[in-house]
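# Inside the fold
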Amino acid sequence: MIDEKISRRQLLQGALAGLAAVPAVTLIAHSANAAESLSEDDATAKSLAYVGDAGKVDPKTNPTYKPGQHCANCIQYTGQAGAADGPCNIFPGKTVKAKGWCKVWVLKPGEELG
Ligand code: SF4
């Protein structure tokens, strides 16, 4: 006769393995979503004058721009400090360049221009 009893330890191990798989799947999905870089040709990006390099902003057409403003010190940027790019609340599912800029730039609290 086969003993079909499942020990409490086996149940716990199965449950923990299942729980561990959920965050991994979530991280993989999140990484895939965040991997797409925002194009300057995107319709919304164009309407907000987004550029991947704030040094290329034309101050004549964007008079609110001041040197030192860039995505990395914008309140909408949620990328890691020091990363080349990261997510922006204005462009969900895309990444923007840390040195980029657009018309809705607002200084992140605790940051300085530079
Ligand atoms: S809202 Fe801020 S972080 Fe997003 S693209 Fe514009 S300047 Fe960059």
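The model shown is predicted, which means the values in this text are computed figures rather than measured ones.

### Some remarks on the confidence of the model for the protein chain
- This prediction gives the protein chain a mean pLDDT of 82; 68% of its residues lie at or above 70.
- Per-element confidence in the protein chain is highest for strand β2 (residues 95-97), whose mean pLDDT is 98, and lowest for helix α1 (residues 8-34), whose mean pLDDT is 49.
- This stretch, residues 18-29, has a pLDDT under 50; its non-local contacts, to residues over four places away or in other chains, come to zero contacts.

### So, the side chain of Asn62
- One can find Asn62 in the loop between α2 (43-47) and β1 (85-87).
- According to the relative accessible area criterion, Asn62 is buried, its value standing at 8%.
- Polar contacts involving the side chain of Asn62 include one to the side chain of Thr61, which spans 3.3 Å.

### Looking at empty space enclosed by the protein
- Under the defined criterion, the tally for this structure stands at one cavity of 30 Å³ or more.
- Taken as a whole, the largest cavity encloses approximately 90 Å³ of empty space.
- Classifying every residue of the lining of the largest cavity gives 12 nonpolar, one polar and no charged.

### Some thoughts on the site of the ligand
- Taken together, Tyr50, Cys71, Cys74, Gln76, Tyr77, Cys88, Ile90, Phe91, Cys102, Val104 and Trp105 make up the full set of residues adjacent to the ligand.
- Taken atom by atom, the bulk of the ligand overlaps the largest cavity.
- Tallied by class, residues from the shell around the ligand come to 10 nonpolar, one polar and no charged.

### Considerations on the environment of Lys99
- Mapped onto the fold, Lys99 is located in the segment after β2.
- The class of Lys99 is exposed, set by a relative accessible area of 51%.
- As for Lys99 and Asn73, which are separated by 26 residues in sequence, their C-alpha atoms are 9.1 Å apart.

### Overview of the packing of aromatic side chains
- Evaluated as defined, the whole model comprises two aromatic pairs.
- Between Tyr65 and Trp101, the ring centres sit 5.3 Å apart and the planes meet at 85 degrees, which makes this aromatic pair edge-to-face. In this pair, Tyr65 sits in the loop between α2 and β1 while Trp101 sits in the segment after β2, placing the two residues 36 residues apart along the sequence.
- Look at Trp101 and you get buried, because its relative accessible area is 1%.

### Remarks on the environment of Ser37
- Mapped onto the fold, Ser37 is located in the loop between α1 and α2.
- The exposure class assigned to Ser37 is partly exposed, which follows from its relative accessible area of 36%.
- Spatially, the C-alpha atoms of Ser37 and Phe91 are 10.0 Å apart, while their sequence positions differ by 54 residues.
- Each residue touching Ser37, except ones within four places of it in the same chain, is listed here: Thr95 and Lys97.

### Thoughts on the environment of Pro92
- Among the structural elements, Pro92 can be located in the loop between β1 and β2.
- Note: C-alpha distance between Pro92 and Leu38 (54 residues apart in sequence) is 9.7 Å.

Definitions and cut-offs
Within any chain, residue numbers begin from 1 and follow the written order of that chain's sequence. Since the coordinates come from a predicted model, pLDDT governs what is reported: local features require at least 70, and pairs of side-chain atoms require 80 or more to be given and counted, while whole-chain, interface and lining totals use all residues. With hydrogens and water set aside, each side-chain value is computed from the structure's full complement of heavy atoms. pLDDT is defined as a per-residue confidence score from the predictor, taking values between 0 and 100. Strands here mean DSSP runs of E at least two residues long; helices mean DSSP runs of H or I at least four residues long; both are numbered from the N terminus. Whether two residues are in contact is decided by their heavy atoms, any of which lying within 4.5 Å being enough. A 1.4 Å probe rolled over the protein chains alone gives each residue an accessible area, and that area as a share of the maximum for its type sets the label: buried under 20%, exposed over 50%, partly exposed in between. For the purposes of these results, a polar contact is taken to be a pair of N or O atoms within 3.5 Å, where, inside protein, one atom must be able to donate a hydrogen and its partner to accept one; residues adjacent in sequence count only when each atom of the pair is a side-chain atom. In the cavity and pocket records, a cavity denotes points on a 1 Å grid over the protein atoms alone where a 1.4 Å probe fits but cannot get out, a pocket denotes an open set with protein on both sides within 12 Å along at least 5 of 7 lines, and lining residues are residues with an atom within 4 Å of a point. Grid points are joined across faces, edges and corners, and a volume is the space filled by probe spheres set on the points. All amino acids are sorted into three groups, where Ala, Val, Leu, Ile, Met, Phe, Trp, Tyr, Cys and Pro are nonpolar, Asp, Glu, Lys and Arg are charged, and the leftover types, Gly among them, are polar. A single heavy atom is enough: if one lies within 4 Å of a molecule or strand, its residue is considered near that molecule or strand. More than half of a molecule's atoms lying within 2 Å of a cavity's or pocket's grid points is what places that molecule inside it. Pairing of aromatic side chains here covers Phe, Tyr and the six-membered ring of Trp, requires ring centres within 6.5 Å, and sorts the geometry by plane angle: under 30 degrees stacked, over 60 edge-to-face, intermediate tilted.

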